[in-house]
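# Summary of structural features
As a plain string of letters, each chain reads:
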Amino acid sequence: MSSRSRVVRTPSGGDDRSDGRGAGRTVVLFLVLCVLALTLAVPVRTYLSEQARDEKVAAEHAQLLSDIARLEEQKRLQEDPEYIKQQARIRLQYVMPGETAYRVQVPGAPAPTPEQVQAEQAKQNPWYTNVWRTIAVPH
């Protein structure tokens with residue numbers, strides 16, 4: 001008998017080693033892949049968080065630009081004498097000299113009766129206050 005290790009060829013053409021080198025290579029490959037994944041995880045996470053921050057800043061920038069445009073338009077309007085007159089008529093109810101102002105009042109809901117006011121107040125009281133009042137106040 002010879003003292004050499006025996007190598008058996010498999011049908012795929014590779015060697016079938018019975019000493020466990022294939023399993024060891026698999027473990028080493030797995031460890032290399034894990035180290036590579038862990039090495040890339042931090043930069044990828046940083047990149048993605050920077051992308052999200054950039055998108056947020058871009059959205060905030062667009063909002064600020066729209067606010068600037070709106071405020072510039074409001075400033076332009078407030079420099080216009082006709083707009084000032086219009087706003088004085090609407091907001092302050094001013095009239096021009098020679099005009100007659102009319103105020104139309106639409107009838108609203110009727111005033112609540114005292115019984116309705118008391119019932120509304122009773123709804124807002126805690127339950128024990130209402131119970132005490134029924135005992136303490138004679139009817």
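All figures in this text were calculated on a predicted structure; none of them were measured in a lab.

## Description of the packing of aromatic side chains
Within the structure shown, the criterion is met by one aromatic pair. Ring centres of W127 and Y128 lie 5.8 Å apart, and the angle between their planes is 80°; on these two criteria the pair is classed as edge-to-face. An identical accessibility class is assigned to W127 and Y128; each is exposed.

## Quick look at the environment of A122
Among the structural elements, A122 can be located in helix α3 (residues 114-124). The spacing of A122 and R133 is eleven residues in sequence and 9.9 Å in space, taken between C-alpha atoms.

## As for the confidence of the model for the protein
Low pLDDT means the predicted atomic positions in that stretch should not be read closely. Overall, the predicted model of the protein reaches an average pLDDT of 85, with 85% of residues at or above 70. At the low end of the mean pLDDT range in the protein sits strand β2 (residues 15-16), at 53; at the high end sits helix α1 (residues 21-78), at 94.

The rules behind these values
- Residues numbered from 1 in each chain as written.
- Predicted model: local features only at pLDDT ≥ 70, side-chain atom pairs only at ≥ 80, totals over all residues.
- Heavy atoms only, no water.
- Phe/Tyr/Trp six-rings, centres within 6.5 Å; stacked < 30°, edge-to-face > 60°.
- Buried < 20%, exposed > 50% of the residue type's maximum accessible area, 1.4 Å probe, protein only.
- Helix = DSSP H or I, 4+ residues; strand = E, 2+ residues; numbered from the N terminus.
- pLDDT = per-residue confidence, 0-100.

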